[in-house]
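Chain by chain, the residues:
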There are 2 protein chains.
Amino acid sequence: MQNSKIKPVTAADRTDGPEATYVLDVQVGFLLRRAAQRHLAIFFEHLPDMTSTQFAALAKLCEVGRISQNELGRRIAMDAATVKGVVDRLRARGFAETKKDPEDQRRLLVSPTGDGQMAFENYRGAAVKITRETLAPLNEDESEALLKLLSKLG
Amino acid sequence: MQNSKIKPVTAADRTDGPEATYVLDVQVGFLLRRAAQRHLAIFFEHLPDMTSTQFAALAKLCEVGRISQNELGRRIAMDAATVKGVVDRLRARGFAETKKDPEDQRRLLVSPTGDGQMAFENYRGAAVKITRETLAPLNEDESEALLKLLSKLG
DNA sequence: CGATATTCATTCGTATACAAATGGATTTTG
DNA sequence: CAAAATCCATTTGTATACGAATGAATATCG
């Protein structure tokens with residue numbers, strides 16, 4: 001039996017009226033951060049050799065082959081300053097290489113090395129597992145729904 | 001009319017078989033990062049004075065009053081190392097204060113200052129707007145569903 | 001009671017993340 | 001064509017994030 005003295009949370013709690021409450025644990029921003037956090041933890045567990053970000057960049061590089069650094073950033077939703085660091089680290093690991101675009105002196109062309117492509121192939125299975133484990137609390141329909149909603153939000 | 005030569009993405013594309021493809025743009029991790037990113041951009045637009053993280057900590061502090069630094073971190077899903085930096089910055093802005101727990105010399109008790117509470121009240125409306133704008137691409141039902149799914153995922 | 005385990009806060013190192021500013025290269029436009 | 005606008009990469013500065021290690025304080029347990 002429910003205690004009738006406990007005031008349930010209603011739509012009114014989400015307005016910005018003067019006596020509105022603000023429950024952090026229910027805000028999209030908080031929930032997004034928490035979910036991303038859990039995902040990263042799972043990622044690290046299965047693939048400690050590489051960060052999620054680096055893997056994303058490598059995956060995109062293997063998908064498109066050769067691309068300018070800025071364009072790569074755009075495709076994987078990364079700031080120019082951020083993508084520079086990521087590419088630097090991929091390069092340091094021998095997974096990517098860069099050279100100036102002869103057709104446009106502004107551009108820095110980035111491509112995956114053979115090692116980078118092999119690494120991607122080797123890690124892809126783990127990445128799939130990571131995705132699966134991240135979505136494990138949800139059933140098939142819920143997973144579909146979540147991906148669709150997140151896509152709309154992006 | 002659809003071009004019948006374009007192979008649609010099916011469930012098979014999400015398996016880890018030998019010739020499986022890995023489409024980055026459809027992975028939960030990627031979508032979570034993108035959604036969080038957009039949320040942070042909206043946050044910055046409406047509330048450039050404070051980061052989302054700092055606001056979350058302040059909100060929790062105003063909710064619970066006084067709490068040890070580690071416990072605060074636990075409640076807002078923040079690493080001990082991370083929460084230290086956040087509390088330091090809140091303190092530097094005069095929004096929080098700390099003192100050693102006389103009952104347990106290990107603990108550092110954190111509480112919101114008067115200024116901190118006022119700031120929270122002042123910013124709460126903006127925070128509500130931020131949440132609303134983040135969810136703007138979704139209708140009421142979809143928003144509900146997203147929050148529920150994200151909660152399950154956390 | 002006393003050894004062991006746990007908790008707490010801090011520090012260090014590394015990796016995102018992004019705003020803002022800069023300088024060089026290319027494109028647009030008047 | 002030349003000035004203005006845009007694009008590209010880089011740098012700087014600040015703020016999360018977290019693993020790992022450390023030392024101090026408390027709790028647990030034999």
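That block above? That's the structure.
Described in the following lines is the structure provided in the data block. Note that this is a predicted model, so its numbers are computed, not measured.

## Here's the deal with the nonpolar core
- Counting residues in each nonpolar core, the largest one holds 87 residues, and the members touching the most others are Leu146(A) and Leu146(B).
- Once residues within four sequence positions are removed from consideration, Leu146(A) is found in contact with Leu135(A), Leu138(A), Val28(B), Leu146(B), Leu149(B), Leu150(B) and Leu153(B).

## Regarding the protein's contact with DNA strand D
- Lining the immediate surroundings of DNA strand D are 24 residues, of which Gln37(A), Asn70(A), Arg74(A), Leu108(A) and Arg89(B) lie closest.
- The protein-proximal atoms of DNA strand D, defined as those within 4 Å of the protein, are 84% sugar or phosphate.
- Interatomic distance of 2.5 Å between a side-chain N/O atom of Arg74(A) and a phosphate oxygen of DNA strand D.
- Between DNA strand D and the protein, one listed contact pairs a sugar or linking oxygen with a side-chain N or O atom of Thr53(B) at 3.4 Å.
- Secondary-structure elements contributing two or more residues to the surface near DNA strand D are helix H1 (28-46), helix H3 (69-75) and helix H4 (80-92) of chain A together with helix H2 (52-64) and helix H4 (80-92) of chain B.
- For the surface near DNA strand D, the leading source of residues is H4(B), giving four residues.
- In terms of residue class, the surface near DNA strand D is made up of six nonpolar, nine polar and nine charged.

## Some details on the environment of Tyr123(B)
Residues and elements named next belong to chain B.
- Relative to the elements of secondary structure, Tyr-123 occurs in helix H5 (residues 114-134).
- For the pair Tyr-123 and Phe-55, spaced 68 residues apart in sequence, the C-alpha separation works out to 8.6 Å.
- Apart from the residues lying within four places of it in its own chain, the contact partners of Tyr-123 are Leu-47, Asp-49, Met-50 and Phe-55.

## Topic: the pattern of salt bridges
- Applying the stated rule across the entire model yields 20 salt bridges over all chains.
- Arg91(A) serves as the salt-bridge partner of Asp88(A), at 3.0 Å between the closest nitrogen and oxygen. In this pair, Asp88(A) and Arg91(A) are both assigned in helix H4, three residues apart and thus about one turn of the helix distant.
- Of the residues examined, Arg91(A) reaches a relative accessible area of 39% and is grouped as partly exposed.
- Each of Asp25(A), Lys60(B) and Glu63(B) takes part in a single network of salt bridges with overlapping partners.

The rules we used
- Residues numbered from 1 in each chain as written.
- Chains lettered and ligands numbered in written order.
- Predicted model: local features only at pLDDT ≥ 70, side-chain atom pairs only at ≥ 80, totals over all residues.
- Heavy atoms only, no water.
- Core = buried A, V, L, I, M, F, W, Y, C linked by side-chain atoms within 4.5 Å.
- Buried < 20%, exposed > 50% of the residue type's maximum accessible area, 1.4 Å probe, protein only.
- Contact = heavy atoms within 4.5 Å.
- Near = heavy atom within 4 Å.
- Polar contact = N/O pair within 3.5 Å; in protein donor to acceptor, adjacent residues only side chain to side chain.
- Helix = DSSP H or I, 4+ residues; strand = E, 2+ residues; numbered from the N terminus.
- Nonpolar A, V, L, I, M, F, W, Y, C, P; charged D, E, K, R; others polar.
- Salt bridge = Lys/Arg side-chain N within 4 Å of Asp/Glu carboxyl O.

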